[in-house]
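For reference, the chains in residue letters:
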Amino acid sequence: MAVHDLGQTLKELRHHRGLTQEAISRELHISRQVYSHYENGRRSPDVITASRIADFHHISLQKLVKGLRPEEIPESDELQEFIMLYDSLSPEDKEGIRSYIEYLHTKSN
């Protein structure tokens, strides 16, 4: 995989989670500039850093390097927890949740 493709994967993963380069670089203990260079294809992370990036995004190193299809991008921990809780509800409670979310959505528009 080309460096540019790895950078694109990094950017897509970051955007999917709604994070900034600053937030990810803090978690990885690298500078924001270095992380920006990874995303822009100016540098490639070493194996240890790439492994930490993969762990941070809950994906394998192989998937990070080879790239991900959009449906393979993992959901955030918060969303996964919400989905688990939602799945445990009765159909009536699920309908109540959907109605409330629709209400909040129309209220905010």
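Anything mentioned here points back to the structure above.
Residues numbered from 1 in each chain as written. Predicted model: local features only at pLDDT ≥ 70, side-chain atom pairs only at ≥ 80, totals over all residues. Heavy atoms only, no water.

Student: Lay out the overall build of the protein in plain terms, naming residues and giving numbers.
Tutor: Helices and strands together make up the secondary structure of the protein, namely seven helices and zero strands. If you list the helices and strands of the protein from N to C, you get α-α-α-α-α-α-α. Across the 109 residues of the protein, 28% fall into the buried class. Long-range pairs, those at least 24 residues apart, make up 47% of the contacts in the protein with a sequence separation of at least 6. Carbon together with sulfur atoms contributes 54% to the accessible area of the protein, which is approximately 7500 Å² in total. (Helix = DSSP H or I, 4+ residues; strand = E, 2+ residues; numbered from the N terminus. Buried < 20%, exposed > 50% of the residue type's maximum accessible area, 1.4 Å probe, protein only. Contact = heavy atoms within 4.5 Å. Areas by Shrake-Rupley, 256 points an atom, 1.4 Å probe, with all protein chains shown as cover.)

Student: Give a description of unusual backbone geometry that names residues and reports values.
Tutor: Generally, phi is negative for residues other than glycine and the peptide bonds are trans, each holding for most cases. One non-glycine residue with positive phi stands out, namely His29, at about 60°. Despite not being glycine, His58 shows a phi value in the positive range, around 60°. Following the sequence through the fold, His58 ends up in the loop between helix H4 (47–56) and helix H5 (61–66).

Student: Before we move on, can you summarise helix H2 (residues 21–28) with the specific residues and values?
Tutor: The complete set of buried residues in H2 reads Gln21, Ala23, Ile24, Ser25 and Leu28. Trailing H2 by a residue or two, His29 shows a phi angle of about 60°, which is positive.

Student: Please give an account of the nonpolar core that cites residues and values.
Tutor: Among soluble globular proteins, nonpolar side chains are generally buried collectively. Leu10, Leu28, Ile30, Tyr35, Tyr38, Ile53 and Leu64 are the most contacted members of the largest nonpolar core, which has 15 residues in total. Only helix H1 (3–17), H2, helix H3 (32–39) and H4 provide two or more residues apiece to this core. The element contributing the most residues to this core is H4, with four residues. In this structure, Leu28 is in contact with Tyr35, Arg52, Ile53 and Phe56, ignoring residues within four places of it in sequence. (Core = buried A, V, L, I, M, F, W, Y, C linked by side-chain atoms within 4.5 Å.)

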